[in-house]
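Summary of structural features
What follows is each chain in one-letter form.
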Amino acid sequence: MRFLITGGVGFIGCALANHLVREGHHVRVLDDLSAGYDPDRLDPKVLFTRGDVRDVPKLWTLLQKVDCVYHLAARVYVEQSILYPREYNDVNVGGTVAVMEAMRDAGVKRVVLASSGAVYGEQAMQPVKETHPPNPQSPYAVSKIAAEHYVFTIGALWDIETVALRIFNAYGPGQQVPTSHPPVIPQFVKQALGGGSLVVFGDGSQTRDFVYIDDVVEAMVAAATASDVDRAIINVGSGRELSINELIKKVEQATGRKVHPLYNSAQSGGVSRLVADISLARRKLGFKPRTDIDKGLRLLLERDPQFAAKA
Ligand code: NAD
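This one's a predicted model, so the numbers in the text were calculated from it and none came from an experiment.

With respect to the sheet that holds strand β1 (residues 2-6)
- Sheet architecture is open: seven strands sit in the order β3-β2-β1-β4-β5-β6-β11, paired in parallel fashion. Each of the sheet's edge strands pairs with one partner strand only, and the pair in question is β3 (47-50) and β11 (232-236). The average undirected angle you get between the axes of adjacent strands in this sheet is 20°.
- Strand direction decides the pairing type here: strand β6 (residues 161-167) and β11, joined by five bridges, are parallel. Across the sheet, residue Arg 166 finds its bridge partner in β11, namely Asn 235.
- In this fold helix α4 (residues 85-106) packs onto β1, β4 (68-71), β5 (110-116) and β6, with an angle of close to 175° to the strand it touches most, β4.
- Packed onto the sheet, helix α5 (residues 139-158) meets β5, β6 and β11 and runs at close to 160° relative to β5.

See the structure below:
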């Protein structure tokens, strides 16, 4: 098959692109490199174009003869979105509308949208099912719900098959650790290996659903060809709930280092509990997460060059 992956140099997109070319597919990637990842991470068989996802003429060119689009290009940090909501709206919503408009004009038949578990916000019932009403707590979460609506609405009007995957907290090799708003797992591993204190926002009792990158890629691959997924919203998580304090213990076990948590005030935009119900993914995509947190942390330490040398 022929794919276009927007945001395909980033953490999830690069893993997906490299997997697809290894399976013999043709893959084009569009990325503006704003997240700072190096396009050399991509397998040489991936055709990389630097550009903005809102550039419709460029999209239109890249979409010729494409069977399926993975739309991942986005600004991705909850806390940053609180400071820069306009930027999040412009890229995440505007970018999605641009992709759908270009797909309509180029006659592409399917799009898989990378949505987020963040759309659920605070929910009384856990694990969260796709039928739970969204309760966004940040501009990032709002932008993802808006993107879902645009994808489904424009898709229905123009006969484009649309699937939204609500990905929970993905982690694994190849995820960078920016100085501001770093994702929790690589940040904790970095702090554990580097010594010093490990900063926790809140009391550490808040829970998340951490899903290993290979499992995310597997769900995404299935979403491109599965039947009966048109206009479906599907959770992609591990289905396991882990508190931040439990995660600290897991990081200690995996790294063999004792860490010293330093508890700071909670960040806004966060929620107290979040875990995915993945029964729909199991039914529609044959999804079965293979890598639990212990194995995932081991693989991260082995395979990620930024940690392997220090582990
Ligand atoms: P990432 O930041 O690593 O990748 C996003 C990529 O999009 C980056 O390479 C960035 O340069 C690119 N990009 C940003 N703005 C762009 C623009 N205007 N034009 C072209 N490219 C642009 O993020 P990720 O973790 O790989 O996430 C990928 C997608 O999955 C995002 O849509 C994100 O919202 C979603 N998602 C990720 C997670 C997670 O845990 N990583 C969870 C839920 C949803």
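Quick word on the packing of helix α6 (residues 184-194) against helix α10 (residues 293-303)
- At a closest axis distance of 12 Å, the pairing of α6 and α10 adopts a crossing angle of 60°. Note on packing geometry: the crossing formed by α6 with α10 is right-handed. Along its contact with α6, which presents Ile 185, Val 189 and Leu 193, the element α10 presents Ile 293, Leu 297, Leu 300 and Leu 301.
- Classifying every residue of the contact of α6 with α10 by side-chain character gives seven nonpolar, no polar and no charged.

Notes on the packing of helix α8 (residues 244-255) against α10
- Taken N-terminus to C-terminus, the directions of α8 and α10 make an angle of 50°; their axes are 10 Å apart at the nearest point. For the element pair α8 / α10, the angle class is oblique. Relative to α10, the crossing made by α8 is right-handed. Seen from α8, the contacting residues are Leu 247, Lys 250, Val 251, Gln 253, Ala 254 and Thr 255; seen from α10, they are Ile 293, Asp 294, Leu 297 and Leu 301.
- For the contact of α8 with α10, the per-class residue count stands at six nonpolar, two polar and two charged.

Regarding the packing of aromatic side chains
- Applying the stated rule across the entire model yields four aromatic pairs.
- Summarising the aromatic geometry, the rings of Tyr 88 and Tyr 140 are spaced 6.4 Å apart at their centres and angled 85° between planes, so their arrangement reads as edge-to-face. Taken together, the residues Tyr 88 in helix α4 and Tyr 140 in helix α5 connect sequence positions 52 residues apart.
- Directly above the ring of Trp 158 sits Arg 104, whose terminal nitrogen or CZ lies 5.1 Å from the centroid.
- Note that Arg 166 overlies the ring of Tyr 120, its terminal NZ or CZ placed 4.9 Å from the centroid.

As for the site of the ligand
- Taken together, the neighbourhood of the ligand is formed by 30 residues, with Asp 31, Leu 72, Tyr 140, Lys 144 and Ala 170 sitting nearest.
- Between an oxygen atom of the ligand and a main-chain N or O atom of Phe 11, the distance comes to 2.9 Å.
- With respect to the ligand, the backbone of Val 53 contributes an N or O atom lying 2.9 Å from a nitrogen atom.
- Summarising the interface, the protein chains cover 94% of the accessible area of the ligand, which totals 820 Å² for the free molecule.
- Of all the secondary structure elements, the ones that give two or more residues to the shell around the ligand are α1 (11-22), β5, α5 and β7 (169-171).
- By residue number, the principal contributor to the shell around the ligand is β5, which donates three residues.

Considerations on the pattern of salt bridges
- Within this structure, the stated rule accounts for 13 salt bridges.
- Here Glu 87 ties to Arg 75 by a salt bridge, and the two come within 2.7 Å at their closest N and O atoms. Taken together, the residues span a long stretch of sequence, with Glu 87 in helix α4 and Arg 75 in the loop between β4 and α3 (78-83) at a distance of twelve residues.
- The class for Glu 87 is partly exposed, based on a relative accessible area of 31%.
- For Glu 218, the salt bridge goes to Arg 290, with nearest N and O atoms at 3.0 Å. You can see Glu 218 sitting in helix α7 (residues 213-225) and its partner Arg 290 sitting in the loop between α9 (279-285) and α10, a full 72 residues away along the chain.
- Here Glu 218 falls in the partly exposed class, since its relative accessible area comes to 30%.

Cut-off values and rules
By convention here, each chain's residues receive numbers from 1 onward along its written sequence. Given that the model is predicted, a residue must reach a pLDDT of at least 70 before its local features are reported, and side-chain atom pairs must reach 80 or more before they are shown or counted; all residues, however, enter totals for whole chains, interfaces and linings. Think of the side-chain values as coming from all heavy atoms in the structure, minus any hydrogens and water. Pairing between strands is defined by DSSP: at least two bridges between them are needed. A run of H or I in DSSP becomes a helix once it reaches four residues, and a run of E becomes a strand once it reaches two; helices and strands are each numbered from the N terminus. With axes taken as lines fitted to C-alpha atoms, and helix axes fitted only over the stretch in contact, angles between N-to-C directions fall between 0 and 180 degrees. Pairs of residues are marked as contacts when any of their non-hydrogen atoms sit within 4.5 Å. Note on convention: the crossing is left-handed when the near helix lies turned anticlockwise from the far helix by less than a right angle, right-handed when the turn is clockwise. Classification convention: Asp, Glu, Lys, Arg as charged; Ala, Val, Leu, Ile, Met, Phe, Trp, Tyr, Cys, Pro as nonpolar; all other residues, Gly among them, as polar. Under this scheme an angle from 65 to 115 degrees is roughly perpendicular, one under 35 degrees roughly parallel, and one over 145 degrees roughly antiparallel; angles in between are oblique. Only centres within 6.5 Å qualify two rings of Phe, Tyr or Trp (six-membered ring in Trp) as a pair; their planes then separate them into stacked at under 30 degrees, edge-to-face at over 60, and tilted for everything else. In our convention, an over-ring charge means Lys NZ or Arg CZ found within 6 Å of a ring centre and within 35 degrees of that ring's normal. What makes a residue near a molecule or strand is one non-hydrogen atom of that residue sitting within 4 Å of it. Between N or O atoms, a polar contact is any pair within 3.5 Å; within protein, one atom must be a potential hydrogen donor and the other a potential acceptor, and residues adjacent in sequence are included only when both atoms are from side chains. All accessible areas in this document rest on Shrake-Rupley with a 1.4 Å probe, and a residue is counted as covered only by the protein chains that are shown. Salt bridge, as applied in this entry: a Lys or Arg side-chain nitrogen positioned within 4 Å of an Asp or Glu carboxyl oxygen. Per-residue accessibility, obtained with a 1.4 Å probe over protein chains only, is compared with the maximum for each type, and a residue is labelled buried under 20%, exposed over 50%, and partly exposed between these values.

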